[in-house]
Amino acid sequence: MTQRGIPRPRVRIARLRHAPVVARVIRASFAEYLDAAKKPVSARLSARQVRLHIRTGKKRYALAYLASRPVGAVGYRVKGRRLTFGPVGVLPRRRKAGVGAALIAWVERRARVRRCREIRAEVLWGLAHLKEYYRKRGYRIVEKNERTYAVKRLAPQG
Ligand SMILES: CC(C)(COP(=O)(O)OP(=O)(O)OC[C@H]1O[C@@H](n2cnc3c(N)ncnc32)[C@H](O)[C@@H]1OP(=O)(O)O)[C@@H](O)C(=O)NCCC(=O)NCCS
């Protein structure tokens, strides 16, 4: 709990048994984009896909909990010295409570543990408010091949 009595988000690695919860949380977080002409793949993420990602090592996932309820999720993978994360999503009614920040801080800690030198996320459709969200958290915005990325360099560990 925080001093104001608001539960603090807790982030935990998702296991295979959590695949349905991860998929549900990500789908609900991206549902607001379903009306767009091009629907993001995350809005359709299935438990089967999450299970396959975890099983094959293509991606791992973490869940954020508020008072023991899953309210946010993030997927990530480490390749060489780079950690790439996404999708990251928080249930609409649980936003602006630091859950997104907790998920990003968690993947950043994973990156440091794995001695990564860079962390990056693709910014959905280069949306201005998302670019701003990452900028505020110390990310640089990079446009490459008509895609937008948020990139942070990590200092080498001593
Ligand atoms: C982007 C997203 C993950 C952010 O999640 P979130 O949990 O709302 O993020 P946070 O709570 O950490 O931060 C959101 C804002 O709330 C503010 N905030 C954090 N804790 C707060 C609190 N206790 N009280 C009031 N405001 C608070 C933050 O300062 C932040 O504002 P800022 O960006 O102007 O600084 C969420 O909006 C989302 O799921 N969007 C849909 C999916 C998506 O677009 N994913 C990203 C694709 S690249």
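Presented here is an overview of the structure given in this document.

Rules of the game
- Residues numbered from 1 in each chain as written.
- Predicted model: local features only at pLDDT ≥ 70, side-chain atom pairs only at ≥ 80, totals over all residues.
- Helix = DSSP H or I, 4+ residues; strand = E, 2+ residues; numbered from the N terminus.
- Rg over C-alpha atoms; globule rule 2.2 N^0.38 Å.
- Buried ≥ 20, exposed ≤ 12 C-beta atoms within 10 Å, placed from the backbone.
- Pairing = 2+ DSSP bridges.
- Core = buried A, V, L, I, M, F, W, Y, C linked by C-beta atoms within 7 Å.
- Contact = placed C-beta atoms within 7 Å.
- Near = placed C-beta within 6 Å.
- Nonpolar A, V, L, I, M, F, W, Y, C, P; charged D, E, K, R; others polar.
- Expected span 1.5 Å × (residues − 1).
- Arc of directions from axis to C-beta.

Quick notes on the overall build of the chain
Thinking step 1. In terms of helices and strands, the chain carries 4 helices and 7 strands.
Thinking step 2. When the helices and strands of the chain are listed from N to C terminus, the series reads β-α-α-β-β-β-α-β-α-β-β.
Thinking step 3. The C-alpha radius of gyration of the chain comes to 15 Å, within 12% of the 15 Å expected for a compact globule of 158 residues.
Thinking step 4. The dimensions of the chain, computed from C-alpha atoms along their principal axes, are 40 × 35 × 35 Å.
Thinking step 5. Put simply, the chain has 158 residues, and 32% of those count as buried.

Some details on the environment of arginine 137
Thinking step 1. Mapped onto the elements of the fold, arginine 137 is located in the loop between helix 4 (128–136) and strand 6 (140–144).
Thinking step 2. Once the C-alpha coordinates of arginine 137 and alanine 101 are considered, the two residues, 36 residues apart in sequence, prove to be 8.4 Å apart.

Thoughts on the pairing of strand 2 (residues 60–66)
Thinking step 1. The element strand 2 is extensively covered by neighbouring structure, given that 5 of its 7 residues are classed as buried.
Thinking step 2. Note: strand 1 (residues 10–13) against strand 2, 4 bridges, orientation antiparallel. Bridging from a neighbouring strand, isoleucine 13 pairs with alanine 62 of strand 2.
Thinking step 3. As paired elements, strand 2 and strand 3 (residues 69–79) share 7 bridges and run antiparallel to each other. Bridge assignment links alanine 62 to a residue of strand 3, and that residue is valine 74.

Concerning the nonpolar core
Thinking step 1. Judged by nonpolar contacts, the single largest core of 39 residues is most densely connected at Val22, Ala62, Ala73, Val74, Leu103 and Val107.
Thinking step 2. For this core, the secondary-structure elements that each account for two or more residues are helix 1 (19–30), helix 2 (47–56), strand 2, strand 3, strand 4 (82–90), helix 3 (99–113), strand 5 (118–122) and strand 7 (147–153).
Thinking step 3. It is helix 3 that provides the largest number of residues to this core, a total of 7 residues.
Thinking step 4. Beyond its immediate chain neighbours, meaning those up to four positions away, valine 74 contacts Tyr61, Ala62, Phe85, Val88, Leu103 and Val107.

Some points on the site of the ligand
Thinking step 1. Looking at the ligand, there are 19 residues lining it, with Arg95, Lys96, Gly98, Gly100 and Ala101 nearest.
Thinking step 2. Put simply, the parts of the chain that give the shell around the ligand at least two residues each are helix 1, strand 4, helix 3 and helix 4.
Thinking step 3. Take the shell around the ligand: its biggest share by element is 4 residues, from strand 4.
Thinking step 4. Grouping the constituent residues of the shell around the ligand by class yields 11 nonpolar, 5 polar and 3 charged.

Considerations on helix 1
Thinking step 1. Along its 12 residues, helix 1 runs 17 Å from first to last C-alpha, staying within 8% of the 16 Å computed at 1.5 Å per residue.
Thinking step 2. Within the sequence span of helix 1, burial applies to Ala19, Val22, Ala23, Val25, Ile26 and Ser29. All buried residues of helix 1 lie within an arc of 165 degrees about the axis, which places them on one face of the element.
Thinking step 3. The elements touched by buried residues of helix 1 are helix 2, strand 2, strand 3 and strand 4.

Take it as geometry only, folks, not as evidence of what the structure does.
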